[in-house]
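This is what each chain is made of:
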Amino acid sequence: MTGSTSPNFGLNATGTYTLVVTATNPYGTSSTQTTYTIVNAVPTPTIFIDDPDPNQVFEHTVGTPALNIGFFFTATTTPGFTISDVSATLDGAPVSIDTIAGLGSVSATGTDSLAAVPTGTHTLRAYGVSAGLPSQAQ
Amino acid sequence: MTISAPTPNQVFTIFPGVQSYTQFLFGTTSTFGGISSLTATLNGVPVVFTTSDSARWW
C-alpha cells in the first residue's frame, strides 16, 4: 500500500526550516515520522575574470605606444535567476565595457580593452547583479 | 510503515521566487489498515498538504 502527496507552502523569509512529516494508520496505533531541512537561500552570483590572469605582469618599453590591456569576465548566477547588470572598475574608477552579452540570462560576459594603462600596479574589479544582489571579483 | 521518499534528513535548498516541487512517497507493509493521514509541520507550524490522491492512501 503506497500513496503520494505534496505539501504546498510558501517561504518568504530566507533561512533554515525544519519540516517534520508524520504518516499515521487509520487507527492511530502506528505512525512514522521523518525530518527534512529546507534552506531558503538567496541567489549567489559569482564573477570570474577570465582575462587578464590574476597578478599578471605586462611590460611596456619606453618610447613605444602605451599598453592596451584586454579584459574579459563572466558573471554567473543561480539557475532560475538572471544577471541583470555587469560593470567594471580600474583602481576604483568605472571603465567602459564595449561588449556585454547575456544580460537576462543565467550567465553574462563583459569584454573590452583598458586603454593606455600607465606603469604601476592596478586593480581591475568586475561586478555582476542578480536579483538585485551585487557580487564582485578582482 | 515508512516514508520512503524523500530520503530522511534530506536537505532541500530553495530560492525566493523560484517554485520547487517535491513528492512525498509513503507506504506500509501492513495488510490491513494502511495509512490514513500524512501530516507535517514546518518549524512547528502545521503544513497543508494539497492532494487529490487521498482516496488512494489505503
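Given the structure is predicted, the values throughout are model-derived calculations rather than measurements. (Residues numbered from 1 in each chain as written. Chains lettered and ligands numbered in written order. Predicted model: local features only at pLDDT ≥ 70, side-chain atom pairs only at ≥ 80, totals over all residues. Heavy atoms only, no water.)

Undergrad: Looking at this model, I keep getting lost on the packing of aromatic side chains. Mind explaining?
TA: Two measures describe an aromatic ring pair: the distance that separates the ring centres and the angle between the ring planes. All names here are of chain A. All told, the structure shown has two aromatic pairs over all chains when counted by the stated rule. Their ring planes at 10° and their centres at 6.3 Å tell us that Phe71 and Phe73 sit as a pair that is stacked. An identical accessibility class is assigned to Phe71 and Phe73; each is buried. (Phe/Tyr/Trp six-rings, centres within 6.5 Å; stacked < 30°, edge-to-face > 60°. Buried < 20%, exposed > 50% of the residue type's maximum accessible area, 1.4 Å probe, protein only.)

Undergrad: Even after reading the chapter, I still don't get the side chain of Thr22(A), so can you show me in this structure?
TA: One can find Thr22(A) in strand S2 (residues 15–24). A distance of 3.0 Å separates a polar atom in the side chain of Thr22(A) from a polar atom in the side chain of Gln33(A). Not counting the four nearest positions on each side in its chain, Thr22(A) is found in contact with Ser31(A), Thr32(A), Gln33(A), Ser37(B), Leu38(B) and Thr39(B). (Helix = DSSP H or I, 4+ residues; strand = E, 2+ residues; numbered from the N terminus. Polar contact = N/O pair within 3.5 Å; in protein donor to acceptor, adjacent residues only side chain to side chain. Contact = heavy atoms within 4.5 Å.)

Undergrad: Can you walk me through the pairing of strand S9 (residues 107–117) of chain A in this structure?
TA: Regular strands have side chains that alternate between both faces of the sheet. Residue and element names in this part refer to chain A. As defined by bridge partners, strand S5 (residues 67–76) adjoins S9 across nine bridges and the pair is classed as antiparallel. Of the residues in S9, the one forming a bridge with Ile69 is Leu114. Across three bridges, strand S8 (residues 99–101) lies against S9 in antiparallel orientation. Directly across from Ile100, in S9, lies its bridge partner Gly110. Remark: five residues form the turn of the hairpin made by S8 and S9, two consecutive strands paired antiparallel; Gly102 in that turn has positive phi of roughly 95°. (Pairing = 2+ DSSP bridges.)

Undergrad: It is not clear to me how the confidence of the model for chain A should be interpreted in this structure. Could you clarify?
TA: Note: predicted coordinates in regions of low pLDDT should not be interpreted at a detailed level. Confidence along chain A averages 85 in pLDDT terms, with 88% of residues attaining 70 or more. Looking over chain A, one finds the lowest element-wise mean pLDDT in strand S1 (residues 2–7) of chain A, namely 56, and the highest in S8(A), namely 96. (pLDDT = per-residue confidence, 0-100.)

Undergrad: Sorry, what's going on with the sheet that holds strand S3 (residues 31–40) of chain A here?
TA: Two strands in a sheet stick together by hydrogen bonds in their backbones, pointing the same way (parallel) or opposite ways (antiparallel). Taken together, five strands build an open sheet; the order of strands is S2(B)-S3(A)-S2(A)-S4(B)-S5(B) and the sheet is mixed. Sheet topology places strand S2 (11–14) and strand S5 (45–47) of chain B at the edges, where each strand pairs with a single neighbour. Within the sheet, the average angular offset between the axes of one strand and its neighbour, ignoring direction, is 30°. Pairing geometry for strand S4 (residues 37–42) of chain B and S5(B), over three bridges, is antiparallel. Bridged to Ala40(B) within S5(B) is Val47(B). (Axes fitted to C-alpha atoms, helices over the stretch in contact; angles between N-to-C directions.)

Undergrad: Explain the sheet that holds S8(A) here, please?
TA: All names here are of chain A. Spatially, four strands are ordered S4-S5-S9-S8 in an open sheet, and the strand pairing comes out antiparallel. Both edges of this open sheet fall to strand S4 (46–51) and S8, since each of them pairs with a single strand only. Here the strands of the sheet are splayed against their neighbours by 20° on average, with no regard to which way each runs.

Undergrad: Is there a simple way to think about the nonpolar core in this case?
TA: Note that soluble globular proteins tend to have their nonpolar side chains buried in a common cluster. If you look at the biggest cluster of nonpolar residues, it comprises 16 residues, and the most contacted ones within it are Phe71(A), Phe73(A), Val86(A), Ala88(A), Leu114(A) and Leu124(A). Listed by contribution, the elements that provide at least two residues to this core are S4, S5, strand S6 (83–90), S9 and strand S10 (124–130) of chain A. Dropping the residues within four chain positions of it, Val86(A) is found in contact with Phe73(A), Ala75(A), Ile97(A), Ile100(A), Leu103(A), Ala108(A), Tyr127(A) and Gly128(A). Counting 14 residues, the second largest nonpolar core, distinct from the first, contains Leu11(A), Val21(A), Ile38(A) and Ile3(B). (Core = buried A, V, L, I, M, F, W, Y, C linked by side-chain atoms within 4.5 Å.)

Undergrad: What is the right way to read the pairing of S4(B) from this model?
TA: Of the two faces of S4(B), only the one carrying Leu38(B), Ala40(B) and Leu42(B) is buried; Ser37(B), Thr39(B) and Thr41(B) on the other face are not. Across six bridges, S2(A) lies against S4(B) in antiparallel orientation. Counterpart to Thr24(A) in the pairing with S4(B) is Ser37(B). Where S4(B) hands over to S5(B), the hairpin turn is made up of two residues, of which Asn43(B) adopts a positive phi near 50°.

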